[in-house]
Amino acid sequence: MIIYDALIAPFTEFEFMRRALAAAIALALGGAPIGVFLMLRRMSLVGDAMAHAILPGAAIGYLLSGLNLFAMTTGGLIAGFTVAILAGVVARTTELKEDASLATFVTIVSIKGTNIDLLHVLFGNILAMDDQTLLVIAFNATITLVVLAVIFRPLVIESVDPVFLRTVSRAGAPAHLAFLALVVINLVNGFHALGTLLAVGLMILPAGIARFWSRDITGMICIAVASAIFSGYAGLVLSFQTKVPSGPAIILVAAVLYVGSVLFGSVSGLFRQMFPGRHLEA
């Protein structure tokens, strides 16, 4: 009975907890696979940079329409898409690497930012999720999964051997730009629930966790999604039972899982390296 009251009752008794859990699951399904590819492509910091690009767009939407879901989402998407597309084109047509070009365009966009109070955008409030926002998050997560399914093969090949992909197909550039668009969509998705500062954490931390438990891309995606869903659930329970805010609680759980994976992961975990198993002898 105590276990039920602590782990299940919050979601059966309170609708706002059910909405928050549904949002966390949608964010995990859409964002965790994106985080895996960001990590494989050594673009983990790109997510953080894109989050800074999205914030001025959301702020402009706020200035024009106040706390309007459509306006803030549209502003964030426009700013994020603009920066992502320009950075991708510059990186593929010049010698400037993508992280450098992205940082340049983020700086330009941020100059036009604003100092208005947008704490709800920075840190989010997943417990205040309404039906309209939840539908937007679920829709974006669905779009992410569909597009990922379409570009999965060229995305995997480009992550492993981009030179080979360029020699056999022209799908690399469209797949790369589509992937950057998905990064933007999922960061905009995340700021509604967790804020721009924490949305990156739920995208990257599960990917880092998966890296210590699997070498296979499919396995990494599955582990990342599972760990993100667990982090969302456990974080909401922690927030409900304590005074820890919901967003930071979710990221805190993910961080604990990451530290545990670093220590005990079956792939390059510290204890695994310190005490390797016996090798098969001929």
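Note: the structure precedes this text.
Residues numbered from 1 in each chain as written. Predicted model: local features only at pLDDT ≥ 70, side-chain atom pairs only at ≥ 80, totals over all residues. Heavy atoms only, no water.

Residues other than glycine seldom take positive phi values, yet serine 268 does so here, at roughly 70 degrees. Relative to the elements of secondary structure, serine 268 occurs in the loop between helix H13 (246-264) and helix H14 (270-274). (Helix = DSSP H or I, 4+ residues; strand = E, 2+ residues; numbered from the N terminus.)

This next bit is on H13. Over its 19 residues, H13 runs 27 Å from end to end, which matches the ideal 27 Å to within 8%, given 1.5 Å per residue. Turning to H13, its buried residues number three or more, namely Ser246, Gly247, Ala249, Ile250, Ile251, Val253, Ala254 and Ser261. (Expected span 1.5 Å × (residues − 1). Buried < 20%, exposed > 50% of the residue type's maximum accessible area, 1.4 Å probe, protein only.)

This part is about the packing of aromatic side chains. The full count for this structure, using the stated rule, is 7 aromatic pairs. Plain terms: the ring middles of phenylalanine 14 and phenylalanine 16 are 5.6 Å apart, the flat faces sit at 50 degrees to each other, and that makes the pair tilted. Assessed through its relative accessible area of 31%, phenylalanine 14 is described here as partly exposed. For phenylalanine 16, a relative accessible area of 30% gives the class partly exposed. Pairing phenylalanine 264 with phenylalanine 271 gives two aromatic rings, centres 5.0 Å apart and planes at 15 degrees, and the pair type is stacked. For phenylalanine 271, a relative accessible area of 37% translates into the label partly exposed. Within the aromatic cluster, the residues linked to one another by ring pairs are Phe14, Phe16 and Phe240. Arginine 41 extends its terminal NZ or CZ atom over the ring of phenylalanine 179, reaching a point 5.2 Å from the ring centre. (Phe/Tyr/Trp six-rings, centres within 6.5 Å; stacked < 30°, edge-to-face > 60°. Lys NZ or Arg CZ within 6 Å of the ring centre and 35° of its normal.)

Bear in mind that shape data such as this cannot, by itself, settle questions of function.
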